Amino acid sequence: MTTDYGEVVMIQSEWFDDIRNNPHLSFLGTVAQVYILDRHNALIHWLMEVVVLQERICEVPGFEPLAALGEDGELVKIIARKQLTKLLNQVTAPLSDEIALAVSLNMGESAEWREIEIMPALRDITARMSSRVFVGEELARNEDWLQITTNYTVDAFVAINLLSVYPVNLRPYIGWLFPECRRMRNYYKRTREMIDPVMKKRDSMKQAALAAGQPAPVYNDALEWIVQESKEHNYGYDTATFQLIVSTVAINTTTDLLQSVLADLIRHPEAMQAVRDEIVHILKVDGWKKSSLYNMKLLDSALKETQRINPVFTAMRRSVEADTVLPDGTVVKKGSRIHIDTHRMVDPEVYENPEEWKGDRFSNMRSQSGKEHLAQLVTTSVDHFGFGHGNHACPGRFFAANELKIALCHLLIKYDWELAPGTPSDMFRLGFSQRANSHTKVLCRRRETVELDIDSL
Ligand code: HEM
């Protein structure tokens, strides 16, 4: 097919199991390709070698973190799989504290209805909760840092669209003209300026402790993990680049699902109440434990159902890094791109009434023998590609699922919600991607009577 990414080879999901672990098919390579290829000019595709184009985009100042996704993305994967997932148990309570603050700042404390644009508010909440884990408490509450981490990706996507109409060789120079590119350069520079002193301060505290014969202080956040993992895996590391990569892969995706599920719950008030009842019941008994989040089966189900109907990618993507033979013998050449179709997520043969949002679809499935695992939000399969599937399935999904659940606990227990009259709330669809609507407005008010004071847990 000729698509907004240029030429792609579409393959059916039924073939996916044959290629899911092929080491020459990369997901992050496709992210880099977006920044590499000139989507509007097939002639340039043909004339230029991908490598040359890649060098050119790296030369657009400010884009370094995106261009580095292919290499430094490995480090993000390792940290998400290993440290972040391992730490889930310990971060539940700190995440809840951070979210309590973020929700109060964004939604206010008034019991009167007020209208807000929901996406910026949820993006701020997501940035604060991710930052708590990725850069520690000090930077997570620093307004400058929050501005960088939320806005870098937003500006990057606008800049890519602006640049992509110009010939590739001119982009490094044209890039100096657009305010978005200017801001990206500035964010990148400021990221370094903010992170370097924190790292230096930590280093000197460690050295001072060791010199005094005392154990060095331990920091359990990604700033520290990057140093450890880079040493272990022999990567050159750059904390600023790493942090902006994390912002790119983690913040918009999480915000998006948070907004979409909130909108679905607002449209289904009886489901919202059932989810609230479940949250109250579980938190009253067990408090903030990782197992409490696991037991929120209805909430898990609602999230998975929203993602089934509105996944962030409507086709899974792979860049082909060595010639690859498909199950029917077709050879897909190195440098090309494969898309795997995800129709099974809305196929009536797989899901009854697939167009209908049923909050308890997956919790019902979870109670069927043999399907307990398959029905969970974090389980991927050829019937649900919300977090991808196979070798490159999202390594941040366990963390994202927890963040989303804790955020929804606060949002649903503390506030009443309505969609603002006449507000647009349908998804933005762009080729094979879709996003929650950035113009959606909601009404919210602090609930005067709550079933449980979750801040006191
Ligand atoms: C609701 C939130 C999220 C959604 C919907 C999401 C979705 C996805 C999807 C669809 C993929 C492609 C998988 C494939 O094609 O098989 C992916 C890959 C990835 N995600 Fe996420 N993601 C989310 C949150 C996160 C977070 C919080 C992190 C990091 C902390 C993260 C890190 C990554 C990385 C590093 C990859 C590349 C994996 C690879 O190439 O092997 N994601 N994500």
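Structure: see above.
Residues numbered from 1 in each chain as written. Predicted model: local features only at pLDDT ≥ 70, side-chain atom pairs only at ≥ 80, totals over all residues. Heavy atoms only, no water.

(A) Spatial organisation of the coordination of the iron atom of the ligand. Protein coordination of the iron atom of the ligand rests on one atom only, Cys394 (SG), at 2.3 Å. Among the secondary structure elements, Cys394 is positioned in the loop between helix H18 (361-366) and helix H19 (397-414). (Donors = N, O, S within 2.8 Å, 3.2 Å for Na, K, Ca; no water. Helix = DSSP H or I, 4+ residues; strand = E, 2+ residues; numbered from the N terminus.)

(B) Representation of the site of the ligand. Taken together, 25 residues sit near the ligand, with Lys77, Arg318, His389, His392 and Cys394 positioned nearest. Here an oxygen atom of the ligand and a side-chain polar atom of Lys77 are 3.3 Å apart. Arg318 has a polar side-chain atom sitting 2.7 Å from an oxygen atom of the ligand. For the shell around the ligand, the secondary structure elements donating two or more residues are helix H6 (69-86), helix H14 (239-267) and strand E6 (315-320). No other element matches the 5 residues that H14 contributes to the shell around the ligand. Considering only residue class, the shell around the ligand consists of 15 nonpolar, 8 polar and 2 charged. (Near = heavy atom within 4 Å. Polar contact = N/O pair within 3.5 Å; in protein donor to acceptor, adjacent residues only side chain to side chain. Nonpolar A, V, L, I, M, F, W, Y, C, P; charged D, E, K, R; others polar.)

(C) Seen up close, the sheet that holds strand E3 (residues 9-11). The strand order across the open sheet formed by 4 strands is E3-E9-E6-E4, and the pairing between neighbours is mixed. Every other strand in the sheet has two partners, leaving E3 and strand E4 (25-26) as the edge strands with one partner each. In this sheet, strand E9 (residues 337-341) lies alongside E6 in antiparallel orientation, the contact comprising 5 bridges. Looking at the pairing, Met316 lines up with Ile340 of E9. (Pairing = 2+ DSSP bridges.)

(D) Fine view of the nonpolar core. Counting residues in each nonpolar core, the largest one holds 68 residues, and the members touching the most others are Met107, Leu265, Ile279, Leu412 and Trp417. Setting aside its immediate chain neighbours within four residues, Leu412 contacts Leu262, Leu265, Met272, Val275, Arg276, Ile279, Trp417 and Arg447. Core analysis: the second largest hydrophobic core is formed by 26 residues, Ile148, Ala156, Val227 and Ala240 among them. (Core = buried A, V, L, I, M, F, W, Y, C linked by side-chain atoms within 4.5 Å. Buried < 20%, exposed > 50% of the residue type's maximum accessible area, 1.4 Å probe, protein only. Contact = heavy atoms within 4.5 Å.)

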